[in-house]
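An overview of the molecular structure
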Amino acid sequence: PCAVGSTLLSAPNRAAMASDFSLKDPARSSAARGSRHSQHQSIDLSQSMVESGNAFGDPPPARPSWLQRQWTFFCGTPCRAMLGCGTIVLLGLIIFVPIILLVIVPIVVNMFVNATTMTIINATLMEPLPSTMLIDTWVELNNAGPIAAKLSGFNATLVGPKGRDIGWLVFPDVPLDANSANLQDVLSQMTIMNEQAIYEEGLDLLAGRPVTWRIKGETTLTTLGFGFKVDIDKPLTFPGVLLENFQTRNVRINYANASYDDNGHSGMIVMDADLEFSSSSILQFDRIGMLRADLWYNKDANDAEKWGFSKVFRELHGSRLCTPEMNANNKCCKPEDQDEDGVCKEGVEVWKEVSENIGWCDMYDFKVLRGVNRVKASIFLYNSKTNGYNLGRWVSQWEQTIISVGPTNKFFLNKVWQGLVTLEAGPTKMFTGGLVDKQTLVQGYDLETGQNCGLTTSSAETCNRGSIISGVNPFVREWALKDISYDVYFDEKIEYDAKFVINALGDTLSVPAVDIQCAASDTFARMQTRPGMLAYTPNNDPRVEGGPSSGFAVDGYRKNTIGGQDATMLQCLSREDPGSAPDGECEGLDDLLSDQTIPLPKGSTNGTGTYTFFLTATPFPGRAETINTGAHGIDPCVLGIDSLVSFDCCLMTVTTAAACKAEQKGKKHIDVISRGNATMIVDGMDMIVYPVVKLPLSYTEEVVEFDALAETSAVLSAVAKAGFNCDEIKWTGVTAEEACAPNGWGSPCSCCEYDPAIDCAEAC
């Protein structure tokens, strides 16, 4: 090993070398060994055993001269050279192998570990408890190293962007193939270390913004049979979760709890609903159990009429959570417009709409999976005025926006989500239409007898004119209404003049017409329920499911009898003098006439329980003084006799005028808008709701040809007429500008006073 080379020798040199060293001449060899001043020796191996007569027999054949070589050794003899060089190599191994294994290789290993990336393929958060949560994550680890390895399990700490320790979990053993992506399912329980930190991170996460945490820890990486300590410090990005298109569907009343009393609220109504929402995130939630969230409602933002039924406006303003407490502390503005204490800075937009907590929602077996999610839920609504607007608008078929804040029962996850929930409009309007005809408007009903008003048998206090209202129960269970009071408006202003004409004895006796002038207004009347409102339909028993009944056994009413025999409502109403029935007779009619409750029969799953009732029209407060601009004033219009018609002239004629307008426009109904309140009764609990309903008001020919004396008296109605029709209605002001324009819808007769080119005598 110590030979440094060989040299081919010429024949003379070989002879000289042979004389210096020979195995046959020990003396010569000793002399040669004695020359130790020489640094290295040359040995002619080709001559050592080739002389004749040596002990090994005949010499081998002589080699050609060109094959002769010379070897030179370090360290003295070949054996010493081998030992010396071996020692050097061993020392090198002793010194450099530990350096390589303990210094260089760990550096290289850590370099490859640092180059390895971790990417979440999908993740599911499950089973949140007071301080723990189960995490099931598929992670892709891209091994940048050229050799396979195994990453031993370790306690991994999750560190947030602000450097706070959020929690820790056990990371399992992970085999890593060389230069490849490795998928690993990590199922581990995460222990929460900082609830405030995970709350703040959760706000971003559930607002759809990705959150990057660092996973840190110490572990062992085993490769080629050696284990190396490595430090793990890897970013791990969790994608945001945005619950989109959050809607409530199939809302239905379950029950009411009149005895509930908490947070200043007396009574509660519980409704069942189906919640539907979608998520496109790879981060999912499963096995959450029942999740509870608070519900907040902004009454002003959901005022669809005020904002022109703009969904964009409603969702923009309805999503701004401004609680009464926040409003009192000037914290109702965007987060970026707040200072470090959460107070709105000067000059920024401060939200004016204040939301109110209207209850909560329990979502059962809650989960968020990728795609469309459907969850069963119960909605608990306080008996409050704000919820009255909420439910009233729902039964008016308004789509609304509710803010959900939650959860409120999941420990460290509490209130990490604030989302916008669209409350789907009800399946049908609570009130679907109205009807004015001879009996309801021209004659009216006597609410003490249930019969039409008579000239001598009724008075202004007992004779009520108005409209029959029909409706559909939007819920699948029975409930009831009472104390309805609506202000009814036309969909646009109407302005006109009219004449009240009285003719007797076939026009042989004519009373001077009363000229009526009515200023522009969209107000109609205030419509209210009164006892006796159900008397107009004696054979229709709304309290018995399935429609008309015999009338003998009405639920909640006493029996009707006449002369000791069972009688129907119609028979009692048809008596010549219903009010003079002896004691003990027609008691069911007495109950009917005193009833102020409108039962809503149980409907199908689509809410098809229909019902009708009578609404009495009364003057709109202040309307008579404002609208009646003629000399007639605000006194009863028909000869000043309030028992005939107690209305002022503009209130008496406005229904006919609106019907004439609709007829000239080619419509068969009058469009009206009702705004007001009603009391809904569920399981003994009264709750005031505020519907706003646009509905069609149908009319009959008797409304267009209004005769105030029709059937009020057999003698009088046969010889006289007192009323008006479309020929007596003349458009003026704003209505004439539209109706009598070149392409207007007004008839020549109704426009003849507005347009001088039209001859009224000829047109009418």
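Check the entry above for the structure.
Rules behind the numbers
- Residues numbered from 1 in each chain as written.
- Predicted model: local features only at pLDDT ≥ 70, side-chain atom pairs only at ≥ 80, totals over all residues.
- Heavy atoms only, no water.
- Helix = DSSP H or I, 4+ residues; strand = E, 2+ residues; numbered from the N terminus.
- Buried < 20%, exposed > 50% of the residue type's maximum accessible area, 1.4 Å probe, protein only.
- Areas by Shrake-Rupley, 256 points an atom, 1.4 Å probe, with all protein chains shown as cover.
- Core = buried A, V, L, I, M, F, W, Y, C linked by side-chain atoms within 4.5 Å.
- Contact = heavy atoms within 4.5 Å.
- Phe/Tyr/Trp six-rings, centres within 6.5 Å; stacked < 30°, edge-to-face > 60°.
- Lys NZ or Arg CZ within 6 Å of the ring centre and 35° of its normal.
- Lys, Arg positive; Asp, Glu negative; His and termini not counted.
- Salt bridge = Lys/Arg side-chain N within 4 Å of Asp/Glu carboxyl O.
- Patch = residues over 30% accessible without salt bridge, like charges linked within 9 Å, V, L, I, M, F, W, Y side chains within 5 Å.

Another point: the overall build of the protein chain. Helix and strand content of the protein chain: 17 helices and 36 strands. Within the protein chain, the fraction of its 764 residues that count as buried is 47%. Element-wise, carbon and sulfur atoms account for 54% of the exposed surface of the protein chain, whose accessible area totals about 36,900 Å².

The biggest cluster of nonpolar side chains holds 156 residues, and the ones touching the most others in it are M363, F431, L481 and M680. Per-element accounting of this core gives the leading share, 11 residues, to strand 25 (residues 479-504). Aside from chain neighbours lying at most four places away, what touches M363 is F246, L275, G289, M290, L291, A293, V375, K376 and A377. The next biggest cluster of nonpolar side chains, apart from the first, holds 6 residues, and it includes V270, W360, F380 and Y382.

This part is about the packing of aromatic side chains. Within a pair of aromatic rings, the relevant descriptors are the distance that separates the centres and the angle that separates the planes. For the structure on display, the rule yields 20 aromatic pairs. Taken together, a centroid distance of 5.0 Å and an interplanar angle of 15° make the contact between W394 and F475 stacked. Linking W394 in helix 7 (residues 385-395) with F475 in the loop between strand 24 (466-473) and strand 25, this pair joins segments that are 81 residues apart in sequence. Through successive ring pairs, a cluster of aromatic residues spans F246, F277, F366 and W417. The ring of Y389 carries K299 above its face, with NZ or CZ at 4.9 Å from the centroid.

With that settled, consider the side chain of D337. Tracing the sequence through the fold places D337 in the loop between helix 6 (324-328) and strand 17 (356-363). Salt bridges are absent for the buried D337, whose nearest opposite-charge side chain, K334, sits at 5.4 Å. Ignoring sequence-local partners within four residues, the contact set of D337 consists of V343, C344, K345 and V348.

A cluster of nonpolar side chains, I121, W138 and L183, forms an exposed patch at the surface whose accessible area comes to about 290 Å². Mapped onto the fold, W138 is located in strand 5 (residues 132-143).

Mapped onto the secondary structure, T656 falls in helix 12 (residues 649-664). A relative accessible area of 0% means that T656 is categorised as buried. Aside from chain neighbours lying at most four places away, what touches T656 is V703, V704, F706 and F724.

Everything listed is a geometric property; what it means functionally is a separate question.
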